[in-house]
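Structure at a glance
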Amino acid sequence: NDVDKMKALVQSCIGTKFSSRWNDTLVDMALKAVLTVSRAIPMPVGSDSYSQKMEVDIKRYAKVEKIPGGEISDCTVLSGVMFNKDVTHSKMRRRIENPRILLLDSPLEYKKGESQTNVEITDEEDWNTLLKMEEEYVENMCMEIIAFKPDIVITEKGVSDLAQHYFHKANITAFRRLRKTDNNRVARATGATIVSRTDEIREEDIGTGCGLFEMRKIGEEYFAFFEECKDPKACTIILRGGSKDVLNEIERNLSDAMQVVRNVVFDPRLLPGGGATEMAVSVGLRKAGLKLDGIQQGPFLAVGEAMEVIPRTLSQNCGVSVIRTVTQLRAKHAAAYEEAEKTGGEDAFPKCNWGIDGTTGKLVDMEEFGIWEPFSVKIQTIKTAVESACMILRIDDIVSGSKKRGH
């Protein structure tokens, strides 16, 4: 819930990317989008707050709409959703406050037969009867919908001209052939339920969570905006930029920022960056290894040495003396361990957040410097490294698939 800490965390992730000039805007957008989409998973009765799991489905419920034109500063996260569709009839309402929204995934037109059917008509009146039956079928569907007095009807299938006529008469705005994914987002943002048959509609299926519906023209195309939603659990991120390449790059940077926020929402624990965590683990493993006898020390000391690769690489990148910098950092962490053991016994946890400044190569306190990394990312990195090492060690020989010449 600490917005400043979250901003500092995301800044350290995207600070060196293409979009660094608009970092403040992108960080705010990533935070708003992820916190909008996230929701708590119901837990069993009696569970403590620390075991609370969160569902954060960015891919499904945070849609990125890239619209060429405008400036990057025009990018925004809607408190609702938007899709690229125009109303089916030109005279339907294009702005509605507090609309009642009905979502369907059934066609509002006459059903065609599965297989080819031939009908022989002997009387002229029979042809009119057939047409009338089709019209009555569509009319009945429309009347079942109109009975619930929705302001907006959205279907994933087609809407016939006759259905458009009835909706226009009833002052209802209709959209047709909306993608399933967009329909799911509208359902989650407005509180509506997608209905499969018109005769199964109930009052609870109508979505009333949207504060404002409006059609807007951006560039050459019309977009439907559903905004000011009450507690929307889905959102649309609008990206504006001069060209498609710029938009694609900003989308990638924003995606990175959202993944960082998502990781922290899943597991809200942070660790200091700048090689501080790796050096602390390295020193801890060395201390633990020295308490063992014989060959059992080997793995502890080897992994401890391997963990120092991060601070070593950081100091190499800065162009400072690698041996001197890593030795100083190791000494600081070792001193913190010894002090913790003196004051709190052998099981005491040392608090040392010193790491390497990636620009100057000096040793700095990461808590004051403000560089943090998600706990879940660090754990996954160590797991992957150990698994990769195990996999390489299992390879006892390499068989080449290429043939030698002359054979």
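The paragraphs below set out a description of the structure included in this document. Because the structure is predicted, anything quoted here is derived from the model rather than measured. (Residues numbered from 1 in each chain as written. Predicted model: local features only at pLDDT ≥ 70, side-chain atom pairs only at ≥ 80, totals over all residues. Heavy atoms only, no water.)

Counting its secondary structure elements, the protein contains 13 helices and 17 strands. Computed over the C-alpha atoms, the radius of gyration of the protein is 31 Å, more than 25% above the 22 Å expected from 2.2 N^0.38 for a compact globule of 407 residues. Viewed in the frame of its principal axes, the protein has a C-alpha envelope of about 105 × 65 × 50 Å. Considering only contacts within the protein whose residues lie at least 6 apart along the sequence, 70% involve residues at least 24 apart. With an accessible surface of roughly 24,300 Å², the protein has 51% of that area assigned to carbon and sulfur atoms. (Helix = DSSP H or I, 4+ residues; strand = E, 2+ residues; numbered from the N terminus. Rg over C-alpha atoms; globule rule 2.2 N^0.38 Å. Contact = heavy atoms within 4.5 Å. Areas by Shrake-Rupley, 256 points an atom, 1.4 Å probe, with all protein chains shown as cover.)

Looking now at the nonpolar core. Core analysis: the biggest nonpolar cluster contains 72 residues, and Leu-108, Ile-154, Phe-167, Phe-175, Phe-226, Ile-237 and Leu-239 have the highest contact counts within it. For this core, the element with the most residues is helix 7 (residues 244-266), which contributes nine residues. Contacts of Ile-237, omitting those with residues within four sequence positions, involve Met-29, Ala-33, Ala-62, Lys-63, Val-64, Glu-65, Thr-76, Val-77, Leu-254 and Met-258. Grouped together as the second largest cluster of nonpolar side chains are eight residues, Val-283, Val-326, Leu-329 and Leu-363 included. (Core = buried A, V, L, I, M, F, W, Y, C linked by side-chain atoms within 4.5 Å. Buried < 20%, exposed > 50% of the residue type's maximum accessible area, 1.4 Å probe, protein only.)

So, about the pattern of salt bridges. Inspection of every chain in the model, using the stated rule, returns 30 salt bridges. A salt bridge links Arg-269 to Asp-267, with the shortest nitrogen-to-oxygen separation between them at 3.0 Å. The exposure class of Asp-267 is buried, given its relative accessible area of 18%. (Salt bridge = Lys/Arg side-chain N within 4 Å of Asp/Glu carboxyl O.)

So, about the packing of helix 10 (residues 309-318) against helix 11 (residues 322-344). Remark: helix 10 packs on helix 11, axes separated minimally by 9 Å, with the N-to-C direction vectors making an angle of 135°. Considering the angle they form, helix 10 stands oblique to helix 11. In this structure, helix 10 crosses over helix 11, and the sense of that crossing is right-handed. Of the residues in helix 11, those in contact with Pro-311, Arg-312, Ser-315 and Gln-316 of helix 10 are Val-322, Thr-325, Val-326 and Leu-329. Each residue belonging to the contact of helix 10 with helix 11 can be placed in one class, and the counts come to four nonpolar, three polar and one charged. (Axes fitted to C-alpha atoms, helices over the stretch in contact; angles between N-to-C directions. Parallel < 35°, antiparallel > 145°, perpendicular 65-115°, else oblique. Left-handed = near helix turned anticlockwise from the far one by under 90°. Nonpolar A, V, L, I, M, F, W, Y, C, P; charged D, E, K, R; others polar.)

Right, let's talk about helix 8 (residues 276-290) for a bit. Across its 15 residues, helix 8 extends 21 Å between first and last C-alpha, which sits within 8% of the 21 Å expected from 1.5 Å per residue. Within helix 8 the residues assigned to the buried category are Ala-276, Thr-277, Glu-278, Met-279, Ser-282, Val-283, Gly-284 and Gly-289. (Expected span 1.5 Å × (residues − 1).)

Strand order in the open sheet made by the four strands is 5-12-11-6, with antiparallel pairing throughout. Each having just a single partner strand, strand 5 (81-83) and strand 6 (95-97) make up the two edges of the open sheet. If you compare each strand with its neighbour and ignore which way they point, the axes differ by 25° on average. As defined by bridge partners, strand 6 adjoins strand 11 (residues 212-218) across three bridges and the pair is classed as antiparallel. Bridging across to strand 11, Arg-95 finds its partner in Glu-214. (Pairing = 2+ DSSP bridges.)

With that settled, consider the packing of helix 1 (residues 3-14) against helix 2 (residues 23-37). Packing of helix 1 against helix 2 leaves a shortest axis separation of 10 Å and a crossing angle of 120°. Classified by the angle between their axes, helix 1 and helix 2 sit oblique to one another. Taken as a pair, helix 1 and helix 2 cross one another with a handedness that is right-handed. In this structure, helix 1 contributes Val-3, Met-6, Lys-7, Val-10, Gln-11 and Ile-14 to the contact, and helix 2 contributes Asn-23, Asp-24, Leu-26, Val-27, Asp-28 and Leu-31.

Here we come to the sheet that holds strand 10 (residues 194-195). Taken together, four strands build an open sheet; the order of strands is 9-8-7-10 and the sheet is parallel. In the strand order of this sheet, the two ends are held by strand 9 (173-175) and strand 10, each with one partner. Pairing of strand 7 (residues 101-104) with strand 10 involves two bridges; the strand directions are parallel. Paired with Leu-103 across the bridge in strand 10 is Ile-194. The strands touched by helix 6 (residues 180-190) within the sheet are strand 7, strand 8 (152-155) and strand 10, with strand 7 carrying the most contacts at an inclination of about 145°.

Here Pro-374 is to be found in strand 17 (residues 372-374). Not counting residues up to four positions away in its chain, the partners in contact with Pro-374 are Leu-9, Val-260, Asn-263, Val-264, Arg-269 and Leu-270.

To continue, consider unusual backbone geometry. If you check the backbone angles, Asn-171 has positive phi at about 65° while not being a glycine. For Glu-228, which is not glycine, the phi torsion reads 55° and is therefore positive. Residue position: Glu-228 is located in the loop between strand 12 (221-227) and strand 13 (235-241). Since its relative accessible area comes to 52%, Glu-228 is described here as exposed.

What the rule picks out here adds up to five aromatic pairs. On the numbers, 5.2 Å between centres and 40° between planes, the contact of Phe-213 with Phe-226 is tilted. Taken as a pair, Phe-213 in strand 11 and Phe-226 in strand 12 lie far apart in primary sequence, 13 residues in all. Since its relative accessible area comes to 0%, Phe-213 is described here as buried. Three or more aromatic residues link up through ring pairs in this structure, and these residues are Phe-83, Phe-175, Phe-213 and Phe-226. Above the ring of Tyr-61, the side-chain terminus of Arg-188 is found at 3.8 Å from the ring centroid. Directly above the ring of Trp-354 sits Lys-332, whose terminal nitrogen or CZ lies 4.2 Å from the centroid. (Phe/Tyr/Trp six-rings, centres within 6.5 Å; stacked < 30°, edge-to-face > 60°. Lys NZ or Arg CZ within 6 Å of the ring centre and 35° of its normal.)

Interpretation note: all reported values are geometric properties and have no functional meaning in isolation.
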